[in-house]
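# Structure assessment
As a plain string of letters, each chain reads:
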Amino acid sequence: MNIIPFPRNLKLSNEETVSLDGTWRIVANNNDVSTIAEWFVTQIKALSGRTFAESSVQVITLRIDPLLHVDLDTTGNRADGRSLAREAHRIEIAPARITVSGVTPEAVFRGATTLLHMMVHNEPISAGTIEDAPRFGWRGLSMDVVRTFHPVKTVKKVIDLLALYKMNVLHLHLTDSEGWRFPVPDYPLLTEISGKTARDGRPGDSYSRQEYADILNYAAERFITVVPEFDSPGHTASVLRAYPELAQDDIHAMPEAMRYLHPDQPGVVELLRAVYLEMDHVHPGAFLHVGGDEAIAMDEDTFRRYMEQALPLARETGKHIVAWQETARAGFSPGDLMQLWMSPHTIARVQAAVENPESSPMMQSFPDPDVRDGFIKLILQMPEDLPKALSQGANIIFSEAHLLYLDTKYVEPSLNQTQKAQHARVGLPEMVYGNGTVVDSYDWDPATVKPGLPIERMAGIEAAIWCETIVDEEDLFFQLLPRFPGVAEKAWSDNRSWDDYQPRLTAQRSMWETLGLPYFVSSAVWSSGDA
Ligand code: TNX
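Residues numbered from 1 in each chain as written. Predicted model: local features only at pLDDT ≥ 70, side-chain atom pairs only at ≥ 80, totals over all residues. Heavy atoms only, no water.

Time to look at the overall build of the protein. Broken down by element type, the protein carries 20 helices and 16 strands. Whereas a compact globule of 531 residues would reach a radius of gyration of roughly 24 Å, the protein reaches 23 Å, a difference of no more than 12%. Principal-axis analysis of the C-alpha atoms gives the protein an extent of 75 × 50 × 45 Å. Every one of the 531 residues in the protein was classed for burial, and the buried ones make up 60%. Taking the intrachain contacts of the protein between residues at least 6 apart in sequence as the baseline, contacts between residues at least 24 apart amount to 79%. (Helix = DSSP H or I, 4+ residues; strand = E, 2+ residues; numbered from the N terminus. Rg over C-alpha atoms; globule rule 2.2 N^0.38 Å. Buried < 20%, exposed > 50% of the residue type's maximum accessible area, 1.4 Å probe, protein only. Contact = heavy atoms within 4.5 Å.)

Structure follows, in structure tokens:
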């Protein structure tokens, strides 16, 4: 069965097969699931051209059953703060009769998604029962809409991709040094000035309140929670361009990568409060992402004092905190989530470079020695962040770059010659995070991947797609596919082997082609016969 992520519990008959051919009727047992039935019909049409009939002896029923019990554990945290049991569902498959039951509309939606995969591939399947619930409550993608601005229609395509693979969190990286995308009524210049800029002179833009509401609705209809990030105190050159009076005197003389918000500067606390309140006001989810990464020019004490102001302000909104791992140096509280991102390869490489600077190309590759030294200091402290955060009571979102940064360059070639130039142009070079092939990016188990990180302290798994080298929607999907479904499977399914996964992954391409989504024709996934 070409289902990704693979269901956790299948009880299928060896004797009886069910053909999904022919015309089906779809029935919803209550109003909450009738919109899911409509979504299902639209998706099947888009993915396979099939339509449903008003009357047919073959019936799919979508139903809510609040008492349904599925014997599968989900660990971690949910971005909407609700019960981890909300996605549990059962699919009963019999000739001419398929029933999807779930404890909530969301659970029915996830089950219907499994059925969608089965019907699109349209192979006969065994009769029986699938019971399913995710391994982790937090299954996300962090999307950088700053380095390259992605319009609403692109964000919606990404949301559709998340839904297709049962992901439930879209973390939007809305602010960074290159630009600002989220409207804050009390600080209009953030979008009026920094809304217009992006990386490398690309045109910027920002979401209007209406457009942003449209994104949130579209995500909510697919049971995806949007987690907004205001990244500070580093990554804030865009704030200081819009409001130069918020910068301490010496800041504007620094390279952009070093500029930061200073905790003692008049006006900084007011800006933080206004941004957090607006993000809280707009987002129904339970979390705010406050950034905290790469404040490379700040000394430890100033960083700590900054975070000791920022974190309580963010909590005052009533939301919980997510922050990048460096925030552990200031201190998390129980209920917060730390996002672990730094690749162990990078740490090892920096340690080696420090010991032996002459032979390290990395040491020479920084244009500015202060940036280099700030970066080295930052990286050398990374190994302590995880134990600190755990002892502070935070759960961990696992996002280590070598496995989960989908903007890293594919290391294997494409089978398609016409992708050569794009492959050369797009993606962070391999030396940055030490990523491997598409096989390597799948070949790990959350339970054992990180020494010192017990699985019961994992909130879940989040991939990231940074957009320094990604300049448009075409590049975006080129980098998301084919690695993205593997992330979804790590986050939903019990551990499975590459050999089990590969045929299911190779079968996905027809869906992507139908949807018009570009993908990298990895030679680690497909063989030259099917290029
Ligand atoms: C580090 S990952 C960053 C981002 C960059 C990314 C890729 C993280 C928390 N910060 O600002 O886009 O590397 O270069």
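What follows picks up the thread again.
Bringing the site of the ligand into the picture now. The immediate surroundings of the ligand are formed by Arg147, His235, Asp293, Glu294, Trp324, Trp341, Tyr405, Leu428, Tyr433, Trp466 and Glu468. Taking Glu294, its side chain carries an N or O atom lying 3.3 Å from a nitrogen atom of the ligand. The protein chains hide 93% of the 360 Å² of surface that the ligand would expose on its own. Per-class residue counts for the shell around the ligand are 6 nonpolar, 1 polar and 4 charged. (Near = heavy atom within 4 Å. Polar contact = N/O pair within 3.5 Å; in protein donor to acceptor, adjacent residues only side chain to side chain. Areas by Shrake-Rupley, 256 points an atom, 1.4 Å probe, with all protein chains shown as cover. Nonpolar A, V, L, I, M, F, W, Y, C, P; charged D, E, K, R; others polar.)

Where helix α11 (residues 369–380) meets helix α12 (residues 382–392), the axes come as close as 5 Å, and the angle between the chain directions of the two elements is 40°. Compared by their axis directions, α11 and α12 come out oblique. Along its contact with α11, which presents Leu378, Ile379 and Leu380, the element α12 presents Met382, Pro383 and Glu384. For the contact of α11 with α12, the residue count by class is 5 nonpolar, no polar and 1 charged. (Axes fitted to C-alpha atoms, helices over the stretch in contact; angles between N-to-C directions. Parallel < 35°, antiparallel > 145°, perpendicular 65-115°, else oblique.)

Counted according to the given criterion, the structure contains 36 salt bridges. Across the pair Lys156 and Asp214 runs a salt bridge whose closest N-O atoms are separated by 3.0 Å. Placement of the pair is Lys156 in helix α3 (residues 152–164) and Asp214 in helix α5 (residues 209–221), with a sequence separation of 58 residues. On the basis of relative accessibility, which here comes to 32%, the residue Asp214 falls in the partly exposed class. (Salt bridge = Lys/Arg side-chain N within 4 Å of Asp/Glu carboxyl O.)

All right, on to the sheet that holds strand β6 (residues 125–132) then. Strand order in this open sheet of 6 strands is β1-β6-β4-β5-β3-β2, and the pairing throughout is mixed. Strands at the two margins of the open sheet, each flanked by one partner only, are β1 (9–18) and β2 (25–28). Looking at each pair of strands side by side, their axes are set apart by 10° on average, direction ignored. Relative to β6, β1 runs antiparallel, the two being bridged by 6 bridges. Residue pairing across strands places Lys11 opposite Thr129, the latter belonging to β6. Its contacts with the sheet place helix α2 (residues 105–121) against β3 (59–64), β4 (89–94), β5 (97–102) and β6, and it is angled at close to 145° to β5. (Pairing = 2+ DSSP bridges.)

Cis peptide bonds are those with omega within 30 degrees of zero, and the linkage from Ser232 to Pro233 qualifies with 10°. As for its position among the elements, Pro233 is in the loop between β11 (225–232) and α6 (237–242). Following Leu481, the chain continues into Pro482 via a peptide bond in cis, with omega recorded as 20°. Summarising the element assignment, Pro482 is placed in the loop between α17 (473–480) and α18 (484–492). Even without a glycine there, the phi angle at Lys166 is positive, about 60°. Within the element layout of this structure, Lys166 appears in the loop between α3 and β8 (169–173). Exposure remark for Lys166: the relative accessible area of 0% places this residue in the buried category. Even without being a glycine, His235 presents a positive backbone phi close to 55°.

Our next topic: the side chain of Ser142. Structurally, the position occupied by Ser142 is in strand β7 (residues 138–144). Leaving out residues up to four positions away in the same chain, Ser142 has contacts with His171, Glu462, Ala463, Ala464 and Ile465.

Our next topic: the environment of Leu390. Relative to the helices and strands, Leu390 is located in helix α12. Leu390 sits in the buried class, given a relative accessible area of 15%. Considered as a pair, Leu390 and Phe332 are 58 residues apart in the sequence and their alpha carbons are 8.9 Å apart. When near neighbours in sequence (up to four residues on either side) are disregarded, Leu390 contacts Ile396, Gly452, Leu453, Pro454 and Arg457.

To continue, consider the sheet that holds β11. Strands sit in the order β7-β8-β11-β12-β13-β14-β15-β16 around a closed barrel of 8 strands; the barrel is parallel. Neighbouring strand axes in the sheet, compared pairwise and without regard to direction, differ in orientation by 30° on average. Direction of pairing for β8 relative to β11: parallel, over a ladder of 5 bridges. Counted as the bridge partner of Leu172 is Pro228 from β11. Along the sheet face, α3 touches β7 and β8 and points at about 150° away from the line of β8.

Moving on, we come to the packing of helix α1 (residues 31–48) against α2. Where α1 meets α2, the axes come as close as 10 Å, and the angle between the chain directions of the two elements is 20°. The angle between α1 and α2 falls in the class roughly parallel. As α1 runs across α2, the sense of the crossing is right-handed. Judged by residue contacts, Asp32, Val33, Ile36, Trp39, Phe40, Gln43, Ile44 and Leu47 of α1 engage Pro105, Val108, Phe109, Ala112, Thr113, Leu115, Leu116, Met119 and Val120 from α2. Taken together, the residues that form the contact of α1 with α2 break down as 14 nonpolar, 2 polar and 1 charged. (Left-handed = near helix turned anticlockwise from the far one by under 90°.)

Another point: the environment of Ala94. Note on placement: Ala94 falls in strand β4. Here the alpha-carbon distance between Ala94 and Pro361, two residues 267 residues apart in the chain, equals 62 Å.

Further remarks concern the pairing of strand β12 (residues 287–291). The buried count for β12 comes to 5 of 5 residues, which makes it a mostly enclosed element. Sheet topology note: the β11/β12 ladder contains 2 bridges and is parallel. Each residue of the ladder has a partner; that of Ser232, found in β12, is Gly291. One ladder, built from 3 bridges, connects β12 with strand β13 (residues 320–324); its direction is parallel. Within β13, the position partnered with His289 by the bridge is Val322.

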